[in-house]
There are 2 protein chains.
Amino acid sequence: MAKQKKDLSTEEKIKEAARKVFTSKGFAAARTRDIADEAGMNLALLNYYFRSKEKLFEIVMIENLLHFISGIQTLLYDTTTSIDEKIDNLTNYYIDQIIEYPDLPLFILNALKSNSKFLKGKLNKNIMLNSHFMQQLQEELKKNKKKIKPLHFVINTFSMIIFPFVARPLLMEVALSKDAEFIELMNERRKLIPVWIKTILRS
Amino acid sequence: MAKQKKDLSTEEKIKEAARKVFTSKGFAAARTRDIADEAGMNLALLNYYFRSKEKLFEIVMIENLLHFISGIQTLLYDTTTSIDEKIDNLTNYYIDQIIEYPDLPLFILNALKSNSKFLKGKLNKNIMLNSHFMQQLQEELKKNKKKIKPLHFVINTFSMIIFPFVARPLLMEVALSKDAEFIELMNERRKLIPVWIKTILRS
DNA sequence: GTCTATATTCTGATAGAC
DNA sequence: GTCTATCAGAATATAGAC
């Protein structure tokens, strides 16, 4: 269970409020006053604890990104799971995560596009390429005599999981009518995506 | 070939500049001064021709969205092409489009998330469901005795095409090192995506 | 229609009391 | 550490001359 707001230090309260506001509105649209209000305190304290709006954003951005990446570390570096289990776990984990934090994917995509300077060197360049999952993919492709870069299958998996969430408003506009239909669709995909990934890997 | 800037009316010049600035920076980060500068004229003219920044954005947003959708209309409603040809055409068309207008997808995803009120009723609710492509998908699934919503395959196709582009900065951070590698990857996908889609449709 | 100058509001940041 | 009050600059919008 999440910690109660009242248990948090002032600094933590601000960071938590900033995370919420920045993640839902992005850097430019967020107002420092919104963050102060959300934290239940005065605007001046933001600049007392953090030097500026930019500094605060940088912290939120890095934490959001690391939160997102940590799932990759945990799941894709697990040497005890098979490639099929990894695909299952990845799909379920990220669908759960995005249902819980629906604004996270678009926030990260935007932040990286506009502010990638912030994290120069902060990310492990080869986190993907060195993973156990990537090794297993390579073996599997070799076994099936496929001359395709394993990275394609990582991209396919994340694409099929994440894209429908970020395109949700468009989907609602052109193909669905109720929120429940979208959730139903994503729960269908929870089972379908692993099947599809395994199929294109081996057929 | 695109029309020369000098041939455009003042109103068109502003709209063109607004499209460029809004599409690359989004509504909140865009400055009306940037737009005026980009159009090579004075700030006051923006408010003379369009009432406000919001109105101008609304126009740009709808035009961008319709530009994106028009490809769907053209390709997915073509009754002379087979389902396989449609998948090939869709992949090539949208990869070409996004290479030409790389900021368009993220702009649309953001705009729809934050400003979907702007286009209430402006979009054909069933543009996807009524398409010839959707009928062909339905037949194909029936032929292969699959009880899966055809919409999933539309989502899969667009996901595998568009997602790598919007995640390009992340990909560059965790798996690639040169821009040329990304372009190479997308050109590989140009051939691979149709194969994958047809495989999961039939296997 | 187009420009310069200016009004008005918003916003990030700070000064200074407590 | 926290608050109130306020500053300085930015940004949108408009007035008014040409």
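This text gives an overview of the structure that appears in the document. If you're wondering where the values come from, they're calculated on a predicted model, not measured in any experiment.

### Regarding the relation of the copies chain B and chain A
Superposition record for chain B on chain A: RMSD 0.1 Å, screw rotation 180 degrees, translation along axis 0.0 Å. The operation mapping one copy onto its partner corresponds to a two-fold rotation axis. Comparing interface residues between copies, 98% of those in chain B also sit at the interface in chain A, which points to an isologous, same-surface contact.

### Considerations on the interface of chain B and chain A
Listed as interface residues are 55 residues of chain B and, on the opposing side, 54 residues of chain A. Together chain B and chain A conceal approximately 4700 Å² of surface at their shared face, both sides included; 69% is due to carbon and sulfur atoms. For the pair chain B and chain A, the interface holds six salt bridges. B:Lys149 is the salt-bridge partner of A:Glu188, the closest N and O atoms lying 2.4 Å from each other. For the pair chain B and chain A, the number of links is 19 residue pairs in polar contact (both at pLDDT 80 or more). Within the residue set of the side of chain B that touches chain A, elements represented by two or more residues are helix H1 (10-29), helix H4 (53-76), helix H6 (104-115), helix H8 (151-166), helix H9 (168-174) and helix H10 (179-202) of chain B. No other element matches the twelve residues that H8(B) contributes to the side of chain B that touches chain A. Here the side of chain B that touches chain A is built from residues that sort into 35 nonpolar, eleven polar and nine charged.

### Observations regarding the pattern of salt bridges
Scanning the model with the defined rule gives 28 salt bridges over all chains in all. Ionic pairing is found between B:Glu140 and B:Arg202, a salt bridge with its closest N-O pair at 2.8 Å. Here B:Arg202 lies in helix H10 and B:Glu140 lies in helix H7 (residues 132-143), a separation of 62 residues in the sequence. A network of salt bridges, in which partner residues are shared, links A:Asp84, A:Glu140, A:Lys143 and A:Arg202.

### Side note on the protein's contact with DNA strand D
A:Thr10, A:Asn42, A:Tyr49, B:Thr32 and B:Arg33 are the nearest of the 16 residues found near DNA strand D. Of everything in DNA strand D that lies within 4 Å of the protein, sugar and phosphate atoms constitute 63%. The separation between a phosphate oxygen of DNA strand D and a polar side-chain atom of A:Thr10 is 2.8 Å. Within the side chain of B:Arg31, one N or O atom sits 3.2 Å away from a phosphate oxygen of DNA strand D. Contributing elements (two or more residues each) for the surface near DNA strand D: helix H3 (43-49) of chain A together with helix H2 (32-39) and helix H3 (43-49) of chain B. Residues that form the surface near DNA strand D fall into these classes: eight nonpolar, five polar and three charged.

### Details of the packing of helix H4 (residues 53-76) of chain A against helix H6 (residues 104-115) of chain A
Any two packed helices are characterised by how steeply their axes cross, that is the angle between the axes, and by the distance between the axes. Residue and element names in this part refer to chain A. Relative orientation of the contacting elements H4 and H6 amounts to 125 degrees, with a least axis distance of 10 Å. Our classification of the angle between H4 and H6 gives oblique. For the pair H4 and H6, the crossing hand works out as left-handed. Between H4, through Phe57, Val60, Met61, Asn64, Leu65, His67 and Phe68, and H6, the contact on the second element is made entirely by Leu104, Phe107, Ile108, Ala111, Leu112 and Asn115. Looking at side-chain class alone, the contact of H4 with H6 contains ten nonpolar, three polar and no charged residues.

The rules we used
- Residues numbered from 1 in each chain as written.
- Chains lettered and ligands numbered in written order.
- Predicted model: local features only at pLDDT ≥ 70, side-chain atom pairs only at ≥ 80, totals over all residues.
- Heavy atoms only, no water.
- Least-squares fit on C-alpha atoms with pLDDT ≥ 70 in both.
- Contact = heavy atoms within 4.5 Å.
- Buried area = accessible area lost by both parts, 1.4 Å probe.
- Salt bridge = Lys/Arg side-chain N within 4 Å of Asp/Glu carboxyl O.
- Polar contact = N/O pair within 3.5 Å; in protein donor to acceptor, adjacent residues only side chain to side chain.
- Helix = DSSP H or I, 4+ residues; strand = E, 2+ residues; numbered from the N terminus.
- Nonpolar A, V, L, I, M, F, W, Y, C, P; charged D, E, K, R; others polar.
- Near = heavy atom within 4 Å.
- Axes fitted to C-alpha atoms, helices over the stretch in contact; angles between N-to-C directions.
- Parallel < 35°, antiparallel > 145°, perpendicular 65-115°, else oblique.
- Left-handed = near helix turned anticlockwise from the far one by under 90°.

Structural measurements only, silent on function.
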